[in-house]
Amino acid sequence: MSSVRHNLWLRASLGILCTLGFGNCGGAPEPPIQRPNLLFISIDTLRADALGTVAAGLSNVKENPTPFLDEFMLQCVNFEQAWSHTPKTAPSHMTMFTGLPPRVHGIGNQRSSGNPTLGLEARTLAEVLQSVGYRTGAVTSGGNVKGYLGFERGFEIYDEKPKQLPAKLADARKWLASVAGAAAGVEQADSASEQEPWFFFFHTYAVHDPYLPPAKYRKRYTEPSYAGDIIGDPLELRAAIYENGEDLAEWASSHAKIEANFWERVDQDDPADLAHLQNLYTAGVAGMDRELRLFIEWMEESGLLENTLIVLTSDHGEEFGEHGMTRHHQLWDETLHVPLFVRLPGAAHAGETISAPVRHMDLLPSILEMMEVPDPGTILGESWAPWIADPDTIDPSRVLLGEHRYSLDDPLNLWSLRAEGSLLISLHDSETPLYFPNSAASKIGTNGAIVPLEGSEEAAKRDRLLDAWRREIGRFQAAGARFSSGAGAELDDKTRAELEALGYL
Ligand SMILES: [Zn+2]
């Protein structure tokens, strides 16, 4: 037998811990743990119901856009109720990597008053894994996952150059080949690094707006009869920008110009435009699915899947007019419900489904537990790793708090809270939050909202949700004081006054 002790959590989850002589079953001293590699994939803006197997929450999808992810899901544990805390890229990713909600870590998207960076008290996934001997690399597309915000901490390389998805995946293969010694790689690893586990973070905006999918998929998923002004062809969009007097030389580097020239043609009150946006988005999802298939197949052929834990998720979803807006600015299901698949080494527990709710802030403690890496003591999320090995431990009662700011420099003044199958959501233009006894009824518009009769069962449940919101805000507010970048201490005046009156602050 190898002198290296294999990952105990994984052995336990496979149910073969003591029978094979692993773990604390005998008196011999423990050899070092052989931990798995970790591949963390974030498909920015991928909403949970954009995937084929969940039957496309996008109403006019003509053809399953995700045949690969559907197959891949069968090798994974699928978390059907995975929720982001916020619909914005920077805070959402930082929550995944720190186990802290946005109110605590304080990181926001680009702001006119400047961005805080992650406080030194917080510990990121890359920092923790690097400290126990992992090689660490990231290939991202920059934007709001810019390294300086704190994302680059703990990474040997943190690539943030915007490129098309195939080029980014080529960069990913190159790093993995050099570090892991993949047979099909560009170069071989040196012998010293062969035994070191690695952590690789891959992030793409391939399905983010402006929706400019590969031509093949655009033709397949859009209606030939569409007669509106939206341009989903990158070359046409480039020509339009040029005609508008923009500097052609800056085209490739100016996301803002592309965005302006894309979105200024959208009539958000026109159902045909909304349907076309949705079709372009779906075409991008299909293109991403194809590229991901090639990448994961390459990993398999290269022997890189064998001892690798894969986590695939998204930072937030996308809205197409379900609640009066497009892109991702609100806290409804379409922007906060995200996919989460976890492929264990050896595809253990393949095809299992967990339907209890989990949050992005639970990812870090769960990953660390599965990899048998000690918790850094800074995390507020809770691990769901035991649920996989023992369904009796599943806790269906986790409270899902969403938070966002109405304007760029506002404090976190929009919120949602999901618990007991119900939803409370605070909108910028309403004094009291809307209550949906059945959160699924909030999927389109606000027709499912009710005002419960005072003294009724329903009123008691609404009050429990309101109390849960106060508790979460109070708990996060207190925790935020530990993290010096300070934005976590923001409270709008109304919330502060209410929490103080109730004794939460
Ligand atoms: Zn994003």
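The text that follows walks through the structure, step by step, so that each part is easy to find. Treat the numbers as computed from the prediction; the structure is a model and nothing was measured.

**Here we look at the coordination of the zinc ion**
In an ideal octahedron of six donors the angles at the metal are 90 or 180 degrees, and in an ideal tetrahedron of four donors they are 109.5 degrees.
Logical step 1: Bound to the zinc ion are the protein donor atoms Asp44 (OD), Asp44 (OD), Thr89 (OG1), Asp315 (OD) and His316 (NE2), situated 2.0 to 2.7 Å from the metal.
Logical step 2: Of note, the donors binding the zinc ion are all from one chain and are spaced D-x44-T-x225-D-H. One end of the pair, aspartate 44, is in the loop between strand S3 (37-43) and helix H2 (67-73); the other, histidine 316, is in the loop between strand S9 (308-313) and strand S10 (319-320), and 272 residues separate them in sequence. Neither residue differs from the other here; aspartate 44 and histidine 316 are each classed as buried.

**Concerning the side chain of histidine 404**
Logical step 1: With respect to the secondary-structure elements, histidine 404 resides in strand S16 (residues 400-404).
Logical step 2: Histidine 404 gets classed as buried once you look at its relative accessible area, which sits at 8%.
Logical step 3: Contacts of histidine 404, omitting those with residues within four sequence positions, involve Thr86, Pro87, Lys88, His329, Leu331, Pro411, Leu412, Asn413 and Leu414.

**Description of helix H3 (residues 89-98)**
Logical step 1: Of all 10 residues making up H3, 10 are buried, and the element is well covered by its neighbours.
Logical step 2: When H3 is considered as a whole, its buried residues turn out to be Thr89, Ala90, Pro91, Ser92, His93, Met94, Thr95, Met96, Phe97 and Thr98.
Logical step 3: Where H3 is buried, its residues meet S3, helix H4 (102-105), helix H5 (125-131), strand S8 (198-204), S9 and helix H12 (363-370).
Logical step 4: Remark: glycine 99 follows H3 within two positions and exhibits a positive phi of approximately 70°.

**Quick notes on the nonpolar core**
Logical step 1: Core analysis: the biggest nonpolar cluster contains 67 residues, and Phe40, Phe79, Leu125, Phe199, Met370 and Trp384 have the highest contact counts within it.
Logical step 2: Mapping this core onto the domain boundaries places at least three of its residues in each of domain 1 (5-21 + 31-210 + 274-393) and domain 2 (400-501).
Logical step 3: Residue contacts for tryptophan 384: discarding those within four places in its chain leaves Phe79, Leu340, Val342, Val358, Asp362, Leu363, Ser366, Met370 and Arg398.
Logical step 4: Counting 51 residues, the second-largest nonpolar core is a separate cluster that includes Leu46, Ile230, Phe262 and Phe341.

**Notes on helix H6 (residues 165-180)**
Logical step 1: In this model H6 runs 22 Å from its N-terminal to its C-terminal C-alpha over 16 residues, within 8% of the 22 Å that 1.5 Å per residue would give.
Logical step 2: Buried residues of H6: Leu165, Lys168, Leu169, Ala172, Trp175, Leu176, Ala177 and Val179, and no others.
Logical step 3: For H6, the secondary structure elements touched by its buried residues are strand S6 (135-139), strand S7 (157-159), S8 and helix H10 (271-301).
Logical step 4: Two residues or fewer after H6 comes glycine 181, characterised by a positive phi angle close to 70°.

**Re the pairing of S16**
Logical step 1: Of all the 5 residues making up S16, 5 are buried; the element is thus mostly covered by neighbouring parts of the structure.
Logical step 2: By the alternation rule, side chains of S16 split into Leu400, Gly402 and His404 and Leu401 and Glu403, which are all buried.
Logical step 3: Examined bridge by bridge, S16 and strand S17 (residues 414-419) share 5 bridges and lie antiparallel to one another. Across the sheet, leucine 401 pairs through a bridge with leucine 417, a residue of S17.

**A look at the pairing of strand S18 (residues 422-426)**
Logical step 1: Most of S18 is tucked away: 5 of the 5 residues are buried.
Logical step 2: Every second residue of S18 is oriented toward a common face, with Ser422, Leu424 and Ser426 on one face and Leu423 and Ile425 on the other, all of them buried.
Logical step 3: Relative to S18, S17 runs antiparallel, the two sharing 5 bridges. Pairing of leucine 417 across the sheet is with leucine 424, part of S18.
Logical step 4: In terms of strand pairing, S18 meets strand S19 (residues 434-436) through 3 bridges, oriented antiparallel. When the sheet's bridge partners are listed, leucine 423 is paired in S19 with phenylalanine 436.

Cut-off values and rules
- Residues numbered from 1 in each chain as written.
- Predicted model: local features only at pLDDT ≥ 70, side-chain atom pairs only at ≥ 80, totals over all residues.
- Heavy atoms only, no water.
- Donors = N, O, S within 2.8 Å, 3.2 Å for Na, K, Ca; no water.
- Helix = DSSP H or I, 4+ residues; strand = E, 2+ residues; numbered from the N terminus.
- Buried < 20%, exposed > 50% of the residue type's maximum accessible area, 1.4 Å probe, protein only.
- Contact = heavy atoms within 4.5 Å.
- Core = buried A, V, L, I, M, F, W, Y, C linked by side-chain atoms within 4.5 Å.
- Domains from an automatic or database assignment.
- Expected span 1.5 Å × (residues − 1).
- Pairing = 2+ DSSP bridges.

Interpretation note: all reported values are geometric properties and have no functional meaning in isolation.
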